[in-house]
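These are the residues of each chain, in order.
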Number of protein chains: 2
Amino acid sequence: MSKPSIPQGTRDFYGETLYKRNFILQTIKNVFELYGFQPLETPAMENLETLMGKYGDEGDKLIFKILNNGLADPKNIEKTKQGFKKILDGRNSEDISSRALKYDLTIPFARFVAMNYGQLNFPFKRYQVQPVWRADRPQKGRYREFTQCDADVVGSKSLINEIELAGIYHKAFNQLGLKEYALHINNRKILAGLAEICHAPDKMIDISIAIDKLDKIGLEKVKEELQQRGFENEQVSLVEKYLLIAGNNASRIESMKKIFANNETALKGIEELEFIITHCGSYNIIIDGTLARGLNYYTGIIFEAKAPANVKMGSIGGGGRYDDLTGSFGVPDIAGVGISFGVDRIYDVMDELDIFPAKMESGTTALFMNMGSDEALSTLKIMQVLREEGISCELYHEQAKMDKQFKYASKKNIRYAVIIGSREITEGKCSVKHLLTSSQEEILISELSSWFKKELRLPNNI
Amino acid sequence: MSKPSIPQGTRDFYGETLYKRNFILQTIKNVFELYGFQPLETPAMENLETLMGKYGDEGDKLIFKILNNGLADPKNIEKTKQGFKKILDGRNSEDISSRALKYDLTIPFARFVAMNYGQLNFPFKRYQVQPVWRADRPQKGRYREFTQCDADVVGSKSLINEIELAGIYHKAFNQLGLKEYALHINNRKILAGLAEICHAPDKMIDISIAIDKLDKIGLEKVKEELQQRGFENEQVSLVEKYLLIAGNNASRIESMKKIFANNETALKGIEELEFIITHCGSYNIIIDGTLARGLNYYTGIIFEAKAPANVKMGSIGGGGRYDDLTGSFGVPDIAGVGISFGVDRIYDVMDELDIFPAKMESGTTALFMNMGSDEALSTLKIMQVLREEGISCELYHEQAKMDKQFKYASKKNIRYAVIIGSREITEGKCSVKHLLTSSQEEILISELSSWFKKELRLPNNI
């Protein structure tokens, strides 16, 4: 039998890693709820037709498809053969696979909104924290199963939503200890205006793609790329002028206003940016004309959250406004705005900065030492009293050398060992050993749970 | 475009349903942690070879297999063709599908333990709450994607684990409000002993399968089934005598001891049962000789938790002890014991008994009414103060008729509306309307968050 393994690009989570991940996810979920967002969970599987054609040709290839069952059943076998032919031609066949694993949370959310349109309370604010699957080539930081963490408001065009979403980033990053995050914002309307003043209104995407690379390849290469894409010198220098905008947010706004003095589209976008920064005063917002975001469906404000500059990690979140969430599902004109948190990246940043709260490694507060079967059994009732008070505890499963039992506690990061031998039972006392300091004290068994309650509220005491 | 839909047997969860589900899951998880169990999450996908052959022929057919990507790539096409032939013959082909969705939590747990054997701290106590997938025919209460909720201790033969697991059932069901649950227990050793005293030690499974049907088909039919399976009259009357054991737990133990007076296997099992009931005094335990549990891998104590008798729902959990978790993954002699909670069943029971805590429908405590754009913007800062105190709130996204805004609050089960118009801003006051009673009071804006803190600690006040 070969050594057991898990699929490439997937992970088991347990112990300290899982506690830390859950700390991040729970912090973000709590903030979503504080802002009035409600949870949604959609199935892992979607019908294939729900997903296909939504992510471009490259995306479609990365969707994990699920094999239909009963392919070799006599009643299905002819269809199966036909289906196999299609697959060999590089096409899909619903006779072979009619379901797939979800590729992101946005399309399932759109499918949900379209299906339940009549029942939902608009503006509908949902958050969703679930795994998604992509058949990408696994590499450092890129997984085939990973958790997305999204919040969207749909059915509202008000910029108040953008302000609130920026507030969510601010509150969540602060609670996680990432106070030095930066939220870059821009507006797709300004990029559309840029294409317009270049007299190439149909080339907004071309410009965006080139601009998006500025960080990686630098200004000269971006200019070259624009030239290769057929832009004239005059157009390229307009883009350059735009990319060279610098200074604080107020002066960036001023520079933008000058460049786009006669372009209504961009001026509307600038006005929106101005509105956002006015009402997000205390958030770490940077107006960033070079921010483009790849996804074509954005039409207004776009966001990208970046890790503190002392960590070379880049984007830890992003999002933006869109005009049409559900058009492809037959429900037109649902506008909205959403953000997402990059959970794996945030984990890596917090790990590098070493800012996870201490002592989140174990669920168990106290290990009751096993001093013999009679003594052990009498501790079971004592543990119940502690658990009534929310103090997690366990009994070592068998009488073993003390060393072995302490080692178990230490490996599990348990902070206290409680020793109740026959002498202690007679005297109604027990010994509690602090496993970090090795100090020990004697406590009345009847007062053990109140002792722990006091102790746990004062974690700096030990 | 056809109307969007989700795959048969899968569900979207949101709103009240999801809050209620999460209440159940969170309650159970908290109890697991109180008992020193630590969370584990394994991927949705496992390698096909990890799963195949573990669930019997019928189970294998219900595994959802994932299609490999790139089947039509020139470098793969020959293998793909060969693979299709195998599939048409009713076999599996790793060239077509090398991964599958997990079918339960036990096999992935076993795979995890085998993979990480050297690193784990034994006895290893893990809990796992994750979805699993089965290509079963969907029907009422049976889904293709559903959540399992398991806790296991492995690497220990001590019966203390059984006592603690019974304690987990007791505490969790009590916290959920299902105080009238019953925990039926039996021991596979007694069933083995029964086969032995019938002089058919190899027929323990046959006897178990027949006994398992007692509830549904009655004693006479069970006897008929045993006869059909080749049991002699004398054997059948021994089984009958065993099945007719009644009375309280103590007298059941006595009756069992008489029947199995000369059978060591069963006597060992009875002794274990006696030990458990002695130390689980306050739990609702019923010794039930007719309990067999289908899964072959159980070898000791077996559990089945039943819903309160006034709800016709039957089993809401089950589990038992096994000798060999990881043998099929090359790591022998890992004994353990585990339990699971039937989350969907528990939900239905609690819904029928109407015992979910009130007011768990919404995350939002207060809706700030939108009285115009200037007023609205000045509420944003007030909301931040409330959120600092953990009070969830949101601003209606646009100025609209009050009726429309109240309707939004009502649909979202929001309990308070806060009204801050221009007069209120000037006076530093706001009006808070209780949306359940329609009573209204005026509060200083500076005192709003302390007012809410007081109000929310006294939920019976309204």
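Definitions and cut-offs
Every chain begins its residue count from 1, and numbering advances along the sequence as written. Here the convention is simple: chains get letters from A, ligands get numbers from 1, in the order in which they are written. With the structure being a predicted model, the display of local features is reserved for residues of pLDDT at least 70 and the display and counting of side-chain atom pairs for 80 or more, all residues being used for whole-chain, interface and lining totals. Here the side-chain values reflect all heavy atoms present in the structure, with hydrogen atoms and water set aside. Note: two strands are recorded as paired if DSSP finds a minimum of 2 bridges between them. Numbering of helices and strands starts at the N terminus; helices are DSSP runs of H or I of at least 4 residues and strands are runs of E of at least 2. Each residue is assigned to one of three classes by its accessible area relative to the maximum for its type, calculated with a 1.4 Å probe on protein chains only: buried under 20%, partly exposed between the two thresholds, exposed over 50%. Relevant arc is that of directions from the helix axis to the C-beta atoms, nothing else. The contact definition used throughout considers only heavy atoms, calling two residues in contact when any of these lie within 4.5 Å. Definition of nonpolar core: a set of buried residues of the types Ala, Val, Leu, Ile, Met, Phe, Trp, Tyr and Cys, connected through side-chain atoms within 4.5 Å. Geometry is summarised by axes, namely lines fitted to C-alpha atoms with helices restricted to the contacting stretch, and by angles between N-to-C directions that run from 0 to 180 degrees. Working definition: roughly parallel below 35 degrees, roughly antiparallel above 145 degrees, roughly perpendicular at 65 to 115 degrees, and oblique for all remaining angles. In this scheme the crossing of two helices becomes right-handed for a clockwise turn of the near helix relative to the far one and left-handed for an anticlockwise turn of less than a right angle. Throughout, the ten residues Ala, Val, Leu, Ile, Met, Phe, Trp, Tyr, Cys and Pro are labelled nonpolar, Asp, Glu, Lys and Arg are labelled charged, and all others, Gly among them, are labelled polar. The least-squares superposition of copies is restricted to C-alpha atoms, and to residues with a pLDDT of at least 70 in both copies. Throughout, the accessible surface (probe 1.4 Å) given up by two parts as they are put together, summed over both, is called the buried area. Salt bridges, as used here, are contacts in which a Lys or Arg side-chain nitrogen is within 4 Å of a carboxyl oxygen on Asp or Glu. Polar contacts, as used here, are pairs of N or O atoms within 3.5 Å; protein pairs need one atom able to donate a hydrogen and one able to accept it. Residues neighboring in sequence count only if both atoms are side-chain atoms. Using only the protein atoms, space was sampled on a 1 Å grid; points where a 1.4 Å probe fits but cannot get out form cavities, open sets with protein on both sides within 12 Å along at least five of seven lines form pockets, and lining residues are those with an atom within 4 Å of a point. Grid points are joined across faces, edges and corners, and a volume is the space filled by probe spheres set on the points.

> So what about the sheet that holds strand β11 (residues 315–322) of chain B? Which residues, and what values?
Within the open sheet, the nine strands sit side by side as β1(A)-β2(B)-β6(B)-β7(B)-β12(B)-β11(B)-β10(B)-β8(B)-β9(B). Their pairing is mixed. Unpaired on one side and paired on the other, β1 (13–14) of chain A together with β9 (285–287) of chain B mark the two borders of the sheet. Pairing analysis gives six bridges linking β11 of chain B to strand β12 (residues 336–341) of chain B, with the strands arranged antiparallel. Within the sheet, the bridge partner assigned to Gly-320 of chain B lies in β12 of chain B and is Gly-338 of chain B.

> Could you give me a rundown of helix α17 (residues 448–457) of chain B, with the residues and numbers involved?
Residues and elements named next belong to chain B. When we look at burial in α17, the residues that qualify are Leu-448, Ser-449, Trp-451, Phe-452 and Glu-455. All buried residues of α17 project into a common sector of 155° when viewed along the axis, lining one side. In α17, the exposed positions that point more than 90 degrees away from the buried face belong to Lys-454 and Arg-457. Where α17 is buried, its residues meet β13 (366–368), α14 (373–388), β15 (416–419), β16 (429–434) and β17 (440–444).

> Pulling in residues and values, what's your account of the nonpolar core?
One finds Phe-368, Leu-448 and Phe-452 of chain A together with Tyr-242 and Phe-341 of chain B to be the most contacted residues of the largest nonpolar core, which totals 98 residues. The element that contributes the greatest number of residues to this core is helix α6 (residues 160–176) of chain B, accounting for nine residues. Beyond its immediate sequence surroundings of up to four residues, Leu-448 of chain A is in contact with Phe-368, Ile-382, Leu-386, Val-418, Cys-430, Val-432 and Ile-443 of chain A. Ala-172, Leu-243 and Cys-280 of chain A together with Leu-380 of chain B belong to the second-largest nonpolar core, a separate cluster that totals 96 residues.

> Any details on the pairing of strand β11 (residues 315–322) of chain A? Residues and values, ideally.
Residues and elements named next belong to chain A. Counting buried positions along β11 yields seven of eight residues, so the element is predominantly enclosed. As paired elements, strand β10 (residues 298–306) and β11 share six bridges and run antiparallel to each other. Bridge pairing in β11 places Glu-304 opposite Gly-318.

> Could you give an account of the packing of helix α7 (residues 188–197) of chain B against helix α8 (residues 204–212) of chain B, naming the residues involved and the relevant values?
Residues and elements named next belong to chain B. Put simply, α7 and α8 touch, their axes get as near as 9 Å, and they point 110° apart. Of the possible angle classes, the one that applies to α7 and α8 is roughly perpendicular. The way α7 lies across α8 gives a crossing that is right-handed. Of the residues in α8, those touching α7 at Arg-188, Leu-191, Ala-192, Leu-194 and Ala-195 are Met-204, Ile-205, Ile-207, Ser-208 and Ile-211. Split by residue class, the contact of α7 with α8 holds eight nonpolar, one polar and one charged.

> Give me the relation of the copies chain B and chain A: which residues, what numbers.
When chain B is fitted to chain A, the best match, at an RMSD of 0.1 Å, comes from turning it 180° and sliding it 0.0 Å along the axis. Those values place the two copies in the arrangement expected of a two-fold rotation axis. For chain B, the minimum C-alpha distance to the rotation axis belongs to Ile-66 of chain B and amounts to 2.2 Å. The fraction of interface residues of chain B whose copies in chain A are also interface residues reaches 100%, indicating that both copies meet through the same surface.

> Give me helix α15 (residues 402–411) of chain B: which residues, what numbers.
Along α15 of chain B, the residues that are buried comprise Gln-405, Phe-406, Tyr-408 and Ala-409 of chain B. The buried side chains of α15 of chain B occupy one side of the element, clustering within an arc of 155° when seen end-on. Facing away from the buried side of α15 of chain B by over 90 degrees, the exposed positions are Asp-403, Lys-407 and Ser-410 of chain B. Those residues of α15 of chain B that are buried are in contact with β6 (124–133) of chain A together with β13, β14 (393–395), β15 and β16 of chain B. Note on α15 of chain B: the residue one or two positions beyond its end, Asn-413 of chain B, has a positive phi of about 55°.

> Tell me about the interface of chain B and chain A, and name the residues and values.
Listed by partner, the interface residues are 104 residues for chain B and 104 residues for chain A. Around 8700 Å² of area is buried between chain B and chain A when both sides are counted, 59% of it from carbon and sulfur atoms. Scanning the region where chain B abuts chain A turns up eight salt bridges. For the interface between chain B and chain A, the tally reads 38 residue pairs in polar contact (both at pLDDT 80 or more). For the side of chain B that touches chain A, the element with the highest residue contribution is α14 of chain B, accounting for seven residues. Looking at the side of chain B that touches chain A residue by residue, the class counts come to 50 nonpolar, 32 polar and 22 charged. Here strand β2 (residues 38–41) of chain A runs beside strand β1 (residues 13–14) of chain B; their pairing, made up of two bridges, is antiparallel. Within β1 of chain B, the residue paired with Leu-40 of chain A across the bridge is Tyr-14 of chain B.

> An account of the environment of Leu-395 of chain B is needed here, citing residue identities and associated values.
Mapped onto the elements of the fold, Leu-395 of chain B is located in strand β14. When the C-alpha positions of Leu-395 of chain B and Ala-417 of chain B are compared, they lie 9.7 Å apart, and in sequence the two are 22 residues distant. Excluding anything up to four places from it in sequence, Leu-395 of chain B contacts Lys-125 and Ile-160 of chain A together with Leu-367, Phe-368, Met-369, Asn-370, Ala-376, Thr-379, Leu-380 and Met-383 of chain B.

> Describe empty space enclosed by the protein, and please don't skip the residues or the numbers.
Here the idea is plain: a probe the size of a water molecule rolls over the atoms and shows the empty space left. Residue and element names in this part refer to chain B. Applying the stated rule across the entire model yields four cavities of 30 Å³ or more. Of the volumes computed, that of the largest cavity is approximately 40 Å³. For the lining of the largest cavity, the leading source of residues is α6, giving three residues. By residue class, the composition of the lining of the largest cavity is four nonpolar, one polar and two charged.

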